[in-house]
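Chains, contacts and geometry: an overview
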There are 2 protein chains.
Amino acid sequence: MIPYAQRSREELQEELNRVQDALEQAKKRNLKLDMSRGKPGKEQLALSMDMLTDLVTVEDCFDGAADARNYGMLNGLPSARAFFADLLDIRPEQVFVGGNASLQLMYDLIAKAYTHGLKHSPVPWSKRGTVRFLCPAPGYDRHFRISQSFGMEMIPVAMTETGPDMDAVEQWVKDPSVLGMWCCPKYSNPDGIVYSEETICRIAALRPAAPDFTILWDNAYCVHELEGEYVPFPEILSLAAHAGNPDMVFEFASTSKITFPGAGISCMASSPQNIDYLTKLIGVQIISFDKLNQLRHVRFLKDKAHTLKLMKRHAAILKPHFDAVLDALKREIAPLEIATWTQPKGGYFISLYAMHGTAKRTLALAKEAGVTMTEAGATYPYGQDPFDSNIRIAPSVPPLDELRQAVEILCLCLRYTALEQLLKNPV
Amino acid sequence: MIPYAQRSREELQEELNRVQDALEQAKKRNLKLDMSRGKPGKEQLALSMDMLTDLVTVEDCFDGAADARNYGMLNGLPSARAFFADLLDIRPEQVFVGGNASLQLMYDLIAKAYTHGLKHSPVPWSKRGTVRFLCPAPGYDRHFRISQSFGMEMIPVAMTETGPDMDAVEQWVKDPSVLGMWCCPKYSNPDGIVYSEETICRIAALRPAAPDFTILWDNAYCVHELEGEYVPFPEILSLAAHAGNPDMVFEFASTSKITFPGAGISCMASSPQNIDYLTKLIGVQIISFDKLNQLRHVRFLKDKAHTLKLMKRHAAILKPHFDAVLDALKREIAPLEIATWTQPKGGYFISLYAMHGTAKRTLALAKEAGVTMTEAGATYPYGQDPFDSNIRIAPSVPPLDELRQAVEILCLCLRYTALEQLLKNPV
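Note that the structure is predicted; figures quoted are calculated from it, not measured.

Observations regarding the overall build of chain A
- Counting secondary structure elements, chain A contains 13 helices and 15 strands.
- The C-alpha radius of gyration computed for chain A amounts to 23 Å, which stays within 12% of the reference 22 Å derived for 427 residues, consistent with globular compactness.
- With the C-alpha coordinates aligned to their principal axes, the bounding extent of chain A is approximately 75 × 55 × 35 Å.
- The proportion of buried residues among the 427 residues of chain A is 63%.
- When the accessible surface of chain A is summed, it comes to about 15,800 Å², and 52% of that surface belongs to carbon and sulfur atoms.

Structure (C-alpha cells):
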C-alpha cells in the first residue's frame, strides 16, 4: 500500500470510490456498536460477582465494633480507609472514603471551593472574579465539564510524553487567578501517558501565587496495567508535603474499574488537615456514605496485593480488545500514513490523531454506519480540539467480534475523510 | 404527688436533696446510653437482612435490559423510580433516585441554587445578597445546618398543631429575599406534627415574591406510623401544580428508616421540568448513583403495599420504646407539672418542653450521668431555642432495659433543674 499523500489525484478519487462503496455495504449491516465510554465489559463485571454475597449475616455487617448498616463514620469505615491507604501508599488518616463515584468527590471539592472556600482560600472562589484552571489537553472530558459548569476559564496545557508541559505550568501558576489543575497522572485519559518522576516532582514543588491553588490528582488508573506487573508510581502527597505544599494536592481513586462501575467505592486523599477541613463541610451534606458497600469491597478486595491479582484478570480480558484495535490500525491505517495513535500500557483508551480537520467528520460518518464513539473534541476544554484531530477509542465494552467490525468501520471512515481532505487540499 | 409550683420553699429544698442523692447514685452506675439520634435499633436492622442476598447471579443484576452494575441511568433505575412514585403517589418521571442519603440531595439542591441557580432563578443565589429561608421551629437540626452553612438568614416560624403558622408564612413570602422553606410535613421532627390538609393547601397555593421560591418537602416519615394503619397524606406536588406552582416544591424521601440508615436509597421528586433541569446539573457531578443498591431495594421492598407490611414490623418494635418513655414521663413528671410533651403517632421522636430556661442544664446533667441526648437548642435555627425549653427524645436505639434507665435519669434531671429554677425564681 502506498501512502495516500504520495498518490495522484486520480488514484485518490478511485480509492475514495472504493471506500465509499465499502462504507455503504457496512451501513447495510445496521450495526449498533459503542466505543464511546471507558467502562468494563460484561466479562470483566463477572469477575466481581462474589462480592455481592460476602455480607450475609448480621456479624458480617460489623467492621470491628462498627455496624456498617447504621449511620455514622462520615469519613469512611476504618477498614475501607486502610484499604485505599494501602492502594495509594498513604496513611488511613489521609483518606476520605465516599460513595460510588470519585467524580462526585471531585465535583463537591470544586463546589465547596466556590461556596465555602478551601482551607487556604482568602474568600470563596465565587467571590474571586475570574477563576482560571489548568487543563492538560487532551484530557478527561468530565473534568473539563466540571470546570465549565462553574464558569472557570480553562487554560489548555499541552501534554507531552512525560506529562503536562511543565514549563507552561510553572509559568501559569504565577498568575494569582490560576486556582488549580486537573491531572490524570497514570495512564492518562485519553493518551495513556504516565507522568515521569521529574514531572511529578516539578508538580509537587510548584510555587503558585494563589494560596489555595489546588491540584486534582485523579489517579483513576492507579492499578490498571494492561499487561505485566504493577508499575509503582511516585506518591504525590508526600512529595508535595516535602516540597512545602502539604495542602496543595487532592488525590482521587475508585473501584469503578476494579469491581463495578456503577456500584463501586471511591476515595479522596490529602493531608490530614485538608481531610479534616473537608469532612466538616461534608458533614453538613451527608451523615455517612454507604458503609455496607465499603465493607463489601474490603472483604472482597482485601488489600493491594490481592487487588493486583484481580487486576491481572481484568488485563487478560482487556488486552485482546486493545490488540484488536491496534492490529487493525496497524494493518489498515499505518501504511497509508494518515493517522498516528498511542500504544497504552494501561488505562482504558487508545488515543488516535487523525489528519487535522477530519476528526469530527470521521466520527459523524462512523455514527451513520452504526459506530458510536466519544464525541470529537470532547477531550479538550470547551469540547474544542484546536486541530480537530483527536479521537478517543474505548475498546473495553464491545465483544471482540463486534469490536473488530467497529474498528473496521472506523478505519474506513478515517480513510474516507483523509481522502476527502487530500482531494480538497492537495499536499 | 403535689405539683412543684404548689410546694413551699422548704419542701422544694428537701425534694432537691432527694433528687440530688438519686442522681449521685445513678452516676455511680457509669452508664453510657444514647437517646440522641433518630435511627433504627438493632432489632429493626435485622428486619432487612434478606435484602443483602437478593442479588446473587448476573441475571439478578438486570432491571429489564439495564445492567445495574455498570454506568448509566443518572436519574435512577426505572424500577426504583417507579417504586418511589408508588410510595409517594406520584409519577416515575417526577422522581430522581439518589444514593444512600436524601440529605445529600437536599444539600445539593441548595448548593446548585447558590452556584448555578434553580430553574426560575434570575441569578444564582450566591449573587442575591441576603437570602432568607423560612424555618418552622422546632425542626430538624440538619436542615438548619445546611441553611447556616450557606450563610442564609434563617427566619423561625412557629409550629402549631396543624403545621407551620401559615399566616406568618404567607406574610413572609411577600419578601423577595425569602427564597424557600424547610418542611417535614408528616410526623415532623421533633414534634411529630402532621400538617393539616388546610395547611398543605395553603402551602401549595403560596404566592411568593421570589420566582424561584423553593419548598424542601422532607417527607422523611411518609410511611412511618407507630401504630395502626398507614395514614394517607395529601400529595403536595399535584396540589402545588393545580395552584399554579408546578416548580415550587421538591419532595424528598428515603429508605433510611425502612431498611438500613447507612445503606438505603433516596429520592428527590418534583415536576418533570424541575427533574430535567436538575438532572442536567447533576450529570456534571456523577455518572450515576449506585443502581445495584437501588435494585436490591426494589427486589426487597417490591411496592408500597409490601413496604407498609414491613413498616408494621418496625412499628411493633418501636412502639414499646415510645411507650417506655411516655409511661415514665406520665408517672414521674406529669404530676409535678414541670414539663409537657408530645404523644406522636409516627416518626422517631418525642418532643418535650421543659420549664423555660432549663433544657440546656437538664441535658448537661443527663450527660454527666451517662445519658446523651440531642443537644439542647439543636431543633431551632442557629441552635438557639428562644425559651431554652425543647428537648428531643429519640427512643429507638437503646434496648428497652437501657431505655428505661435512661428515661429514669432524664426524669431526675428534669426534676432537679425545675427545683433549682423554682428556688431561684419562686412562682
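The discussion continues.
Thoughts on the interface of chain B and chain A
- With 56 residues of chain B at the contact, the number on the chain A side is 56 residues.
- Taken over both partners, the interface formed by chain B and chain A buries close to 4,700 Å², and the fraction arising from carbon and sulfur atoms is 57%.
- Ranking the residues of chain B by area buried against chain A places B:Arg69, B:Tyr71 and B:Val284 at the top, with a combined share of 15%.
- Between chain B and chain A we count zero salt bridges in total.
- Counting residues per element, the ones that place at least two in the side of chain B that touches chain A are helix H2 (42-46), helix H4 (102-115), helix H5 (141-149), helix H9 (272-285) and helix H10 (291-301) of chain B.
- Top contributing element to the side of chain B that touches chain A by residue count: H4(B), with seven residues.

Side note on helix H3 (residues 78-88) of chain A
All names here are of chain A.
- Buried residues dominate H3, accounting for eight of its eleven residues.
- When we look at burial in H3, the residues that qualify are Ser 79, Ala 80, Arg 81, Phe 83, Phe 84, Ala 85, Leu 87 and Leu 88.
- Looking one or two residues past H3, Asp 89 carries a phi angle of roughly 60°, positive in sign.

Quick word on the packing of helix H9 (residues 272-285) of chain A against H4(B)
- Close contact between H9(A) and H4(B) brings their axes to 8 Å; oriented N to C, the two are set at 100°. In terms of orientation, H9(A) and H4(B) fall into the roughly perpendicular class. Counting all contacts with H9(A), which are made through A:Leu281, A:Val284 and A:Gln285, the residues of H4(B) involved are B:Leu103, B:Gln104, B:Tyr107 and B:Asp108.

Let's talk about the packing of aromatic side chains
Residue and element names in this part refer to chain A.
- Applying the stated rule across the entire model yields 18 aromatic pairs over all chains.
- Seen from their ring centres, Phe 83 and Phe 84 are 5.4 Å apart, and the 65° between their planes marks the pair as edge-to-face.
- For Phe 83, a relative accessible area of 3% corresponds to the buried category.
- Members of the aromatic cluster, each reached through a chain of ring pairs, are Tyr 107, Tyr 114, Trp 125, Phe 133, Phe 150 and Trp 182.

Let's talk about the pairing of strand E6 (residues 153-160) of chain A
Residue and element names in this part refer to chain A.
- Sheet analysis places strand E5 (residues 132-137) next to E6, joined by six bridges and oriented parallel. Note that in E6 the partner of Leu 134 across the bridge is Ile 155.
- The parallel pair E5 and E6 is bridged by helix H5 (residues 141-149), and the resulting crossover is right-handed.
- By the bridge criterion, two bridges tie E6 to strand E7 (residues 163-164) in an arrangement that is antiparallel.

Side note on the relation of the copies chain B and chain A
- For the match of chain B to chain A, the screw axis carries a shift of 0.0 Å, the RMSD comes to 0.0 Å, and the turn is 180°. What the superposition gives is, in effect, a two-fold axis relating one chain to the other. Residue B:Thr53, judged by its C-alpha, is the member of chain B lying nearest the rotation axis, at 3.0 Å.
- A shared interface surface links the copies, since 100% of the contact residues of chain B are contact residues in chain A too.

A few points about empty space enclosed by the protein
- All chains considered together, the criterion is met by nine cavities of 30 Å³ or more.
- Approximately 160 Å³ is the volume attributed to the largest cavity.
- Taken together, the residues of the lining of the largest cavity sort by class into four nonpolar, twelve polar and two charged.

Focus: helix H11 (residues 304-333) of chain A
- Of all the bends in H11(A), the largest measures some 30° and sits at A:Leu318, one to four residues before the proline A:Pro320.
- Looking at where H11(A) begins, the residue whose side-chain oxygen comes 3.3 Å from the main-chain nitrogen of A:Ala305 is A:Asp303.

Focus: the pattern of salt bridges
- Under the definition given, this model contains 46 salt bridges over all chains.
- A:Asp175 is the salt-bridge partner of A:Arg132, the closest N and O atoms lying 3.6 Å from each other. Of the two residues, A:Arg132 is situated in strand E5 and A:Asp175 in the loop between helix H6 (166-172) and strand E8 (178-183); the sequence distance between them amounts to 43 residues.
- Look at A:Asp175 and you get partly exposed, because its relative accessible area is 21%.
- Each of the salt bridges in this network shares a partner with another, and the network as a whole consists of B:Arg7, B:Glu15, B:Arg18, B:Arg331, B:Glu332 and B:Arg415.

Concerning the sheet that holds strand E12 (residues 339-341) of chain B
Residues and elements named next belong to chain B.
- Reading across from one edge, E12-E13-E15 is the order of the three strands in this open sheet, with antiparallel pairing throughout. What marks the edges here is a single partner per strand, and that holds for E12 and strand E15 (390-393). Strand-to-strand twist of the sheet, defined as the mean angle between neighbouring strand axes without regard to direction, takes the value 25°.
- Sheet topology note: the E12/strand E13 (residues 350-354) ladder contains three bridges and is antiparallel. Bridge pairing in E13 places Trp 341 opposite Leu 352.

Section: the environment of B:Cys201
- Mapped onto the secondary structure, B:Cys201 falls in helix H7 (residues 197-204).
- A C-alpha to C-alpha distance of 38 Å links B:Cys201 and B:Pro398, two positions 197 residues apart in sequence.

With respect to the environment of B:Ala85
Residue and element names in this part refer to chain B.
- With respect to the helices and strands, Ala 85 occurs in helix H3 (residues 78-88).
- Exposure remark for Ala 85: the relative accessible area of 3% places this residue in the buried category.
- Between the alpha carbons of Ala 85 and Val 95 there is a distance of 6.7 Å; along the sequence they are ten residues apart.
- In contact with Ala 85, not counting residues within four places along its chain, are Ile 90, Arg 91, Pro 92 and Val 95.

Notes on the sheet that holds strand E11 (residues 266-269) of chain B
Residues and elements named next belong to chain B.
- One open sheet accounts for eight strands, arranged E4-E11-E10-E9-E8-E5-E6-E7; its pairing is mixed. Two strands bound the open sheet, and with one partner strand each, they are strand E4 (95-97) and strand E7 (163-164).
- Against the sheet, H3 contacts E4, strand E10 (249-254) and E11, and its axis sits at roughly 125° relative to E4.
- Where H5 meets the sheet, it contacts strand E5 (132-137), strand E6 (153-160), strand E8 (178-183) and strand E9 (214-218), and its direction lies at approximately 160° from that of E8.

Notes on the environment of A:Ile110
Residues and elements named next belong to chain A.
- When you line up the elements, Ile 110 lands in helix H4 (residues 102-115).
- Note: C-alpha distance between Ile 110 and Gly 264 (154 residues apart in sequence) is 22 Å.
- Aside from chain neighbours lying at most four places away, what touches Ile 110 is Trp 125, Phe 133, Ile 146, Phe 150, Met 152, Trp 182 and Leu 216.

Criteria and thresholds
Residues numbered from 1 in each chain as written. Chains lettered and ligands numbered in written order. Predicted model: local features only at pLDDT ≥ 70, side-chain atom pairs only at ≥ 80, totals over all residues. Heavy atoms only, no water. Helix = DSSP H or I, 4+ residues; strand = E, 2+ residues; numbered from the N terminus. Rg over C-alpha atoms; globule rule 2.2 N^0.38 Å. Buried < 20%, exposed > 50% of the residue type's maximum accessible area, 1.4 Å probe, protein only. Areas by Shrake-Rupley, 256 points an atom, 1.4 Å probe, with all protein chains shown as cover. Contact = heavy atoms within 4.5 Å. Buried area = accessible area lost by both parts, 1.4 Å probe. Salt bridge = Lys/Arg side-chain N within 4 Å of Asp/Glu carboxyl O. Axes fitted to C-alpha atoms, helices over the stretch in contact; angles between N-to-C directions. Parallel < 35°, antiparallel > 145°, perpendicular 65-115°, else oblique. Phe/Tyr/Trp six-rings, centres within 6.5 Å; stacked < 30°, edge-to-face > 60°. Pairing = 2+ DSSP bridges. Right-handed = clockwise from strand over helix to strand, strands pointing away. Least-squares fit on C-alpha atoms with pLDDT ≥ 70 in both. 1 Å grid on protein atoms, 1.4 Å probe; cavity = no way out; pocket = protein on both sides within 12 Å on 5 of 7 lines; lining within 4 Å. Points joined across faces, edges and corners; volume = space filled by probe spheres on them. Nonpolar A, V, L, I, M, F, W, Y, C, P; charged D, E, K, R; others polar. Bend = angle between axes of the 7 residues up to and from the residue. Polar contact = N/O pair within 3.5 Å; in protein donor to acceptor, adjacent residues only side chain to side chain.

Everything listed here is a matter of coordinates, which is why it stays silent on function.
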